[in-house]
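A structural walkthrough
Chain by chain, the residues run as shown.
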Amino acid sequence: EAGVTQSPTHLIKTRGQQATLRCSPISGHTSVYWYQQALGLGLQFLLWYDEGEERNRGNFPPRFSGRQFPNYSSELNVNALELEDSALYLCASRALGNNEQFFGPGTRLTVL
Amino acid sequence: EDQVTQSPEALRLQEGESSSLNCSYTVSGLRGLFWYRQDPGKGPEFLFTLYSAGEEKEKERLKATLTKKESFLHITAPKPEDSATYLCAVQDEISGTYKYIFGTGTRLKVLA
């Protein structure tokens, strides 16, 4: 069974640009979570999507947004990039009725 | 406020030297406690889920236990390949919300 996949692996942008990160959940999983992991810090919750709807968001500004598509894949958009947005962005998926999240390999975003 | 604290922040062990990692938590109601292993620059790998005090789970050299206030990850006779950051997360029993709170992790280094 294929795990959670994320693309791209690495992304380099300059300050002020926009970044788009993509995530495909495990087959059959309907919930997708996005986390930010800055160097040396813990996982910070960004967004939770379930059945195409945004269910919850963490304490991040509105320039962090996303969506979930009918096939349950998801996209995270970060507008007006700032240097401190440089981090590993992790996507996790969860099956309906289950509690465990399974993570993808992450996208390393570097903002110059 | 919900909180997860992991200790120690870092741990160095000799190969074969058993030890324990601690995860203490404060939540209004625990729906589940999760342990993950994370290698540098990669996504967390799911290890265990614990649901109620007294529960134990084992996998190879790892054993996770749960009390009402904390969880321990016991590592028996570790090998260098066990070197990684171990993350603990809790799921709070907030009605209708599958929200996860992560600790900052314990960085384990096992020396040959």
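This structure is a prediction, so every number in the text was calculated from the model and none was measured. Each chain carries its own residue numbering, running from 1 in the direction its sequence is written. Here the convention is simple: chains get letters from A, ligands get numbers from 1, in the order in which they are written. Note on the predicted model: pLDDT of at least 70 is required for a residue's local features to be given, and 80 or more for side-chain atom pairs to be given and counted; whole-chain, interface and lining totals, by contrast, use all residues. Side-chain metrics in this entry use all non-hydrogen atoms of the structure; hydrogen atoms and water are not considered.

Bringing the sheet that holds strand β7 (residues 62–66) of chain B into the picture now. Residues and elements named next belong to chain B. Pairing is antiparallel across the open sheet formed by five strands, whose spatial order is β1-β3-β8-β7-β6. The sheet terminates laterally at β1 (3–7) and β6 (56–59), the two strands that pair on one side only. Strand-to-strand twist in this sheet, taken as the mean axis angle between neighbours without regard to direction, amounts to 15°. Of the pairings in the sheet, the one linking strand β3 (residues 19–26) to strand β8 (residues 70–75) comprises six bridges and is antiparallel in character. Opposite Ser24, over in β8, you have Glu70 as the bridge partner. Paired strands, in this sense, are two strands between which DSSP finds at least two bridges. What counts as a helix is a DSSP run of H or I of at least four residues, what counts as a strand is a run of E of at least two, and both are numbered from the N terminus. Axis definition: a line fitted to C-alpha atoms, limited for helices to the stretch in contact. Angles are taken between N-to-C directions and run from 0 to 180 degrees.

Right, let's get into the pairing of β7(B). Put simply, side chains in a regular strand alternate between the two faces of the sheet. Residue and element names in this part refer to chain B. Buried means the residue's accessible area, taken with a 1.4 Å probe over protein chains only, is under 20% of the maximum for its type, while exposed means over 50%, and partly exposed covers the values in between. Among the five residues of β7, four are classified as buried, and the element is accordingly described as predominantly covered. Here four bridges tie β6 to β7, and the two strands are oriented antiparallel to one another. What sits directly across from Lys59, in β7, is Leu62. The antiparallel pairing of β6 with β7 creates a hairpin that spans two residues between the two strands, and Glu60 there sits at a positive phi of about 55°. In the sheet, β7 pairs with β8 via five bridges, with the strands oriented antiparallel.

Let us look at the packing of aromatic side chains. Whether two aromatic rings pair depends on their centres lying within 6.5 Å, for rings of Phe, Tyr and Trp, where Trp uses its six-membered ring; planes under 30 degrees apart make the pair stacked, over 60 edge-to-face, and the rest tilted. By the definition in use, this model includes 12 aromatic pairs over all chains. Ring centres of Tyr35(A) and Phe102(B) lie 5.4 Å apart, and the angle between their planes is 80°; this geometry places the pair in the edge-to-face category. With Tyr35(A) in strand β4 (residues 31–37) and Phe102(B) in strand β10 (residues 100–102), the pair connects residues from two separate chains. Assessed through its relative accessible area of 9%, Phe102(B) is described here as buried. Taking the centre distance of 5.3 Å and the plane angle of 85° together, the rings of Phe103(A) and Tyr36(B) count as edge-to-face. Separated into two different chains, Phe103(A) in strand β10 (residues 102–103) and Tyr36(B) in strand β4 (residues 30–38) make up a pair that spans both. Summarising the burial analysis for this pair, Phe103(A) and Tyr36(B) share the class buried. Three or more aromatic residues joined by ring pairs form one cluster here, namely Tyr35(A), Phe45(A), Phe102(A), Phe103(A), Tyr36(B), Phe46(B) and Phe102(B).

A word on the state of the cysteines. Pairs of cysteine sulfur atoms within 2.5 Å are identified as disulfides in what follows. Inspection of the entire model under this criterion finds two disulfides over all chains. Here Cys23(A) connects covalently by a disulfide to Cys91(A), the sulfurs 1.8 Å from one another. The sign of the S-S torsion, about -55°, decides the handedness of the disulfide formed by Cys23(A) and Cys91(A): left-handed. One end of the pair, Cys23(A), is in strand β3 (residues 19–24); the other, Cys91(A), is in strand β9 (residues 87–94), and 68 residues separate them in sequence. Comparing Cys23(A) with Cys91(A), the two get one shared label, buried. Covalent S-S linkage joins Cys23(B) and Cys88(B), the inter-sulfur distance amounting to 1.9 Å. Here the disulfide of Cys23(B) and Cys88(B) is left-handed, its torsion about the S-S bond being about -60°. Linking Cys23(B) in strand β3 with Cys88(B) in strand β9 (residues 84–92), this pair joins segments that are 65 residues apart in sequence. The exposure class of Cys23(B) is buried, given its relative accessible area of 0%.

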